[in-house]
Amino acid sequence: MDMTIHLSPRLAAVAQAVPPGACVIDVGTDHARLPVWLAQTGRASRVIAADLRSGPLEGAAALVAQTGMESRVSLRLTDGLSGLGPEDGDTVVIAGMGGETMVSILSAAPWTKHGTLLVLEPQTKQAELRRFLAENGYAVISERLVRDAGRLYPVLTVRGGDSPAYSQAELYTGLYGQVGGDPLFDEYLAGLTARMAQAAPYDDRAAEILNELQAMKRRRMPMTTVQEIFSFLAQKAPVEQKLDFDNVGLLVGRGSREVHRVLTALDIVDEVIDEAAAMGAELIVSHHPLFFDLKSVTDGTWTGCRALTLAENHIAAICMHTNLDAAEGGVNDALMAALGGRVTGQLDPASGIGRVGELAGEMPFSQFLPLVKSALASHGLRYHDAGRPVKRLAVCGGSGGGEIGLAHQAGCDTYVTADVKYDQFLEAKHLGINLIDADHFCTENVVVPVLADWLREAFPGLEVHIAKSHGQTAQFY
């Protein structure tokens, strides 16, 4: 039986705000659907599911056992954050409660303002919560809206720090600079304005807030354009760093087009284009280029069909390939991080592609193999075991079989890459180096969440999604 957890749009938005690899405390976990999802997907390294009621925790325990997540999800019967501290998690999630309840929980846990990330999804009393945060040493980093079952909910990410000043209206809407570009903001603002208009004839304060909301509607924030997004990505991964054969940049679409939703993916395949069209995305940001040498755009080729479908759906395409391989924080840094290594240098200083690094401690190769398979969600690994433990490793996302010699010269005992040829396995055997082919998709898809996080941080008003329709193509019998 498939025990994969599927989240509602509201909880999916909360999960999306959790940083990869986080240690999470989920307060008011109910039946632990969110903690189990975070553990199943590897989004969180471990989760404490806390609730003050024994009944929901019993249901949570059953779900954790059914999904086999006992090693990564633990349960606590506690009121709010009572008995918990910073040693228990770096991220605290509180979702599905009223804002006044969240105020009570945070008031009793002042440690949360010292280095802890808060992900808050208040169902009611949002203004009361925002006022408390602003006045008690918390700062809202970002805020977005999500629609679930016909209602709009705000999701706030918060850290300790100095807060910008809120106007009376912004206590209800969130800071305009953070939420004004949200594709759902106009609808949210309209609902707040209607409710405040009902109270205004009888309440002077409501009348003042109504005036502010109406002024906010008049000064709508200019939207982000395709060109602005490309310019930002070109700063993170300069086009000049691409290899000569490559084709990167804005490959399809108008630079002046406004963007509300972005889909990030490794490849622009048919399924990804369909997914983008279904969600109303105006832009796909991918790693692999849609085309290298295109002389015509017709439905006579697969490439032409995809380009036509993008244009017909008014979807632009930005592709950042070998420049993203070389970029700081890009493909190879993400790959090393996924494998638990610390980068110490570049594998190929001439191109900047590939990384050399070290694990925190030496590991038998037999234990490193399942770690790689799990961390990269690979269907299977091709490998050569040189009989050496793993400590100093090299990585090169994608087709890096030709750099085995560089990995050996760098003193590495292990090399993780993809698309390794027969003669390259023979070379690894001759050199006495462990070699793992973990699949092209798997070794590079680690950068897709990085792209999404870059865009969310730079453009808080954008709705950024990671493609769910595209995965590893190769199967193992």
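Heads up: the structure comes first, above all this text.
Note that the structure is predicted; figures quoted are calculated from it, not measured.

Peer 1: So what exactly am I meant to see when it comes to the sheet that holds strand 20 (residues 463-466) here?
Peer 2: Paired through their backbone hydrogen bonds, the strands of a sheet run either parallel or antiparallel. Strand order in this open sheet of five strands is 9-13-12-11-20, and the pairing throughout is mixed. If you trace the sheet from one side to the other, it starts and ends with strand 9 (249-252) and strand 20, each paired once. Put simply, the sheet's adjacent strands are angled 25° from each other on average, direction ignored. The pairing of strand 11 (residues 261-265) with strand 12 (residues 283-286) spans four bridges and is parallel.

Peer 1: Whenever I open this one, the layout of surface pockets confuses me. Can you help?
Peer 2: If a probe the size of a water molecule is rolled over the atoms, the empty space left behind becomes visible. In this structure, the second largest pocket occupies an estimated 630 Å³ of space. For the second largest pocket, the lining is made up of 28 residues, of which Ala17, Ser142, Thr157, Arg456 and Glu457 are closest to its centre. The set of elements that each furnish at least two residues to the lining of the second largest pocket consists of helix 1 (9-16), strand 6 (138-148), strand 7 (151-160), helix 19 (447-458) and strand 20. When its residues are assigned to classes, the lining of the second largest pocket shows 15 nonpolar, four polar and nine charged.

Peer 1: Quick question: what am I supposed to make of the packing of aromatic side chains here?
Peer 2: Where two aromatic rings form a pair, the distance of their centres and the angle of their planes describe that pair. Going through the model one piece at a time under the given rule, you end up with five aromatic pairs. Here the basic side chain of Arg306 rests over the ring of Trp302, its NZ or CZ set 3.5 Å away from the ring centre.

Peer 1: Could you clarify how one ought to interpret the packing of helix 1 against helix 2 (residues 33-41) in this entry?
Peer 2: Where helix 1 meets helix 2, the axes come as close as 11 Å, and the angle between the chain directions of the two elements is 50°. On the basis of the axis angle, helix 1 is oblique to helix 2. Viewed along their axes, helix 1 and helix 2 form a crossing whose handedness is right-handed. Contacts between helix 1 and helix 2 involve Leu11, Val14 and Ala15 from the first element and Leu34, Trp37 and Leu38 from the second.

The rules behind the values
Residues numbered from 1 in each chain as written. Predicted model: local features only at pLDDT ≥ 70, side-chain atom pairs only at ≥ 80, totals over all residues. Heavy atoms only, no water. Pairing = 2+ DSSP bridges. Helix = DSSP H or I, 4+ residues; strand = E, 2+ residues; numbered from the N terminus. Axes fitted to C-alpha atoms, helices over the stretch in contact; angles between N-to-C directions. 1 Å grid on protein atoms, 1.4 Å probe; cavity = no way out; pocket = protein on both sides within 12 Å on 5 of 7 lines; lining within 4 Å. Points joined across faces, edges and corners; volume = space filled by probe spheres on them. Nonpolar A, V, L, I, M, F, W, Y, C, P; charged D, E, K, R; others polar. Phe/Tyr/Trp six-rings, centres within 6.5 Å; stacked < 30°, edge-to-face > 60°. Lys NZ or Arg CZ within 6 Å of the ring centre and 35° of its normal. Parallel < 35°, antiparallel > 145°, perpendicular 65-115°, else oblique. Left-handed = near helix turned anticlockwise from the far one by under 90°. Contact = heavy atoms within 4.5 Å.

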